[in-house]
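Spelled out, the chains give:
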Amino acid sequence: MLEEKQRGSVQARIFAYDLIRSVAICSVVLCHAVEFVYAGTAGGFAYSLLHALGRIGVPLFLFLTGALLIKRDFTDESSIKAFYKKNLFTLFVSCELWIIIYAIYFGVLTSFNRDLFVQYLKWATFQELVPLTHWWYMPFIIVTYVTLPFLSRMVSGISFKTFVFPGMLLLVLTFILPTYNGLYANAIGRGPWDTVLDATFLGRYSIFYLVIGYFILEKKELKRVPLRLLLILGSISLAGCVHAGLRWDLLWYDSFWVLLFSIVVCELLFRVCCSTASASFFNARRGPSRLVTITARMSFGVFLVHTLLLPVVGRVPYPFGSHAAAALLYGVVLLLLSLLVVIVIFWMLRKTPKLRALIVHA
């Protein structure tokens, strides 16, 4: 009985991670669909709301990365070297392959000439970003992978209580002050709150997201927080995201409201999957459960493909007068089309698993 309970708990956690990953990729696709549809417009409440829902995608991915990798054993040099060889080097090669794919894509759209070759060299050597809305994340995650073994050594051996002090300092410097200075300083008649304290060497917001994900998903530090309080915090933080979207030119990941809303969503999704009432449903491998699992497995491929398909989807005239309805429609179509393309690539490369892993990470 105990073994069955433990097995069910492990399966629930695996599915919880799949569900979080699926929600994350849906959010990322929605975010870019919203930005595409609303480009050149004044935005408004609907834009800010949909954009806020889309902004939690990257934090959810970072939460999962922290939960899965910080707990790994990096106690000796061989384990660190193995991680660099298997994970970091694979990610780097995958980036280079996709840069070639993107260069071919831009060559088809324009022309294959010397300028494109020069531009490709700049992309391949990470002098410039590929001009696609999602690509900033790839160099960002490469550097994150370089630091992860050392972050794991620092964090995995301490309790959440020990992390509170440095965590609060990083929270203030990286999230609260930028949010205050960008949103509220001028509104209350005061100038920005400047500080000479510098958190750049800590990786700014990326480190915080990774560590918080580890404590939420692996250590379950929020399990005692009442559901009602979570829902209240979620509502307040979503309202803060919408307000920030109306005031700021760009709602970014250093917003305190994005951080708080992402934490609440992550914890709620985790609780749903790990609750006793949900365990039997998620372990039964029903249709919705399989769809979540497939979406999660193909999520990184969808992430790499979807911006290439966005202009194609965007050419289809939408039958609505509302930008919000168009953004939702484009988001759904883009997600399904990207998922289909990745599944086809997955099937075509079924006999070359190493190449398949580099292209679609599945």
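Residues numbered from 1 in each chain as written. Predicted model: local features only at pLDDT ≥ 70, side-chain atom pairs only at ≥ 80, totals over all residues. Heavy atoms only, no water.

A. Main features of the overall build of the chain. Along its length, the chain carries 15 helices and 0 strands. What you see for the chain is a C-alpha radius of gyration of 21 Å, in line with the 21 Å of a compact globule of 362 residues. For the chain, the spread of C-alpha atoms along the principal axes amounts to about 60 × 55 × 45 Å. The buried share of the chain, reckoned over its 362 residues, is 48%. (Helix = DSSP H or I, 4+ residues; strand = E, 2+ residues; numbered from the N terminus. Rg over C-alpha atoms; globule rule 2.2 N^0.38 Å. Buried < 20%, exposed > 50% of the residue type's maximum accessible area, 1.4 Å probe, protein only.)

B. Structural view of helix α5 (residues 114-124). Those residues of α5 lying buried are Leu 116, Tyr 120, Trp 123 and Ala 124. Buried residues of α5, viewed axially, fall in a sector of 90°; they line one side. Among the exposed residues of α5, those oriented more than 90 degrees off its buried face are Arg 114 and Asp 115. Packed against the buried residues of α5 are α4 (77-109). The N-capping residue of α5, defined by a side-chain oxygen 3.2 Å from the backbone nitrogen of Asp 115, is Asn 113. (Arc of directions from axis to C-beta. Contact = heavy atoms within 4.5 Å. Polar contact = N/O pair within 3.5 Å; in protein donor to acceptor, adjacent residues only side chain to side chain.)

C. Structural context of helix α6 (residues 137-155). Spanning 19 residues, α6 covers only 23 Å between terminal C-alpha atoms, well under the ideal 27 Å at 1.5 Å per step. Taking the largest bend as the criterion, α6 deviates by roughly 45°, centred on Leu 148, and proline Pro 149 comes between one and four positions later. (Expected span 1.5 Å × (residues − 1). Bend = angle between axes of the 7 residues up to and from the residue.)

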